[in-house]
Amino acid sequence: MAEELLLDTTLTKAEKYRQLLPQIEALTTGEPDLVANLANTAAALRQAFGFFWVGFYLVKNDELVLGPFQGPIACTRIRHGKGVCGSSWALAKTLLVPDVEQFPGHIACSSESKSEIVVPIVQDGQVVAVLDVDSDLLNDFDHDDQAALEQLMLAAARWF
Ligand code: SME
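Residues numbered from 1 in each chain as written. Predicted model: local features only at pLDDT ≥ 70, side-chain atom pairs only at ≥ 80, totals over all residues. Heavy atoms only, no water.

- An unreviewed UniProt entry annotates the protein as GAF domain-containing protein originating from Hymenobacter elongatus.
- Looking at the protein in UniProt, the text filed under Sequence similarities (unreviewed entry) is "Belongs to the free Met sulfoxide reductase family." (UniProt positions renumbered as here; feature names shortened; annotations may be inferred.)

Following this line, the structure appears as structure tokens:
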């Protein structure tokens, strides 16, 4: 297993994802532990892009429960259909929110979070978790983030 990420800061965002995703694949291949893989994925994303908060919420019974993350402390439980994370779970689709204040029912774990992307992890047709990435900048996520993070969460489904 590589001990350090190779991160070329001169690359565009899409290129950075292309450099990072195989490294996350290598970090997690052969590791059967879910928490270990989610934890390293959150750390790798935050290290590569400097996002304000990166983490996972896991579906447990009828709620999302906070899982491995990097960043400030966060809300521990989110109800189905509530906030961006609970809505992504309910709709089973990625939600890209350029301005969290414009999202009805957004759950503000931190007032510093300004924009957000939430990508569900779907296994056998069921959402098992969501990846939540928050930025302290408005409009910080675009289709490059969505495409790369969806690709990553497709691979993440096999950790469950
Ligand atoms: N803002 C999220 C809650 C999770 S925190 O941002 C880490 C939401 O509305 O679901």
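## Concerning unusual backbone geometry
Argument step 1. Its identity as a non-glycine residue notwithstanding, N61 has a phi of 55 degrees, on the positive side.
Argument step 2. Its place among the elements puts N61 in the loop between β1 (53-60) and β2 (63-70).
Argument step 3. Residue classification places N61 among the exposed residues on the basis of a relative accessible area of 76%.
Argument step 4. Backbone geometry places D124, a non-glycine residue, at a positive phi of 50 degrees.
Argument step 5. With respect to the helices, strands and loops of the structure, D124 is situated in the loop between β5 (115-123) and β6 (126-135).
Argument step 6. Taking relative accessible area as the criterion, D124 reaches 74% and is therefore assigned exposed. (Helix = DSSP H or I, 4+ residues; strand = E, 2+ residues; numbered from the N terminus. Buried < 20%, exposed > 50% of the residue type's maximum accessible area, 1.4 Å probe, protein only.)

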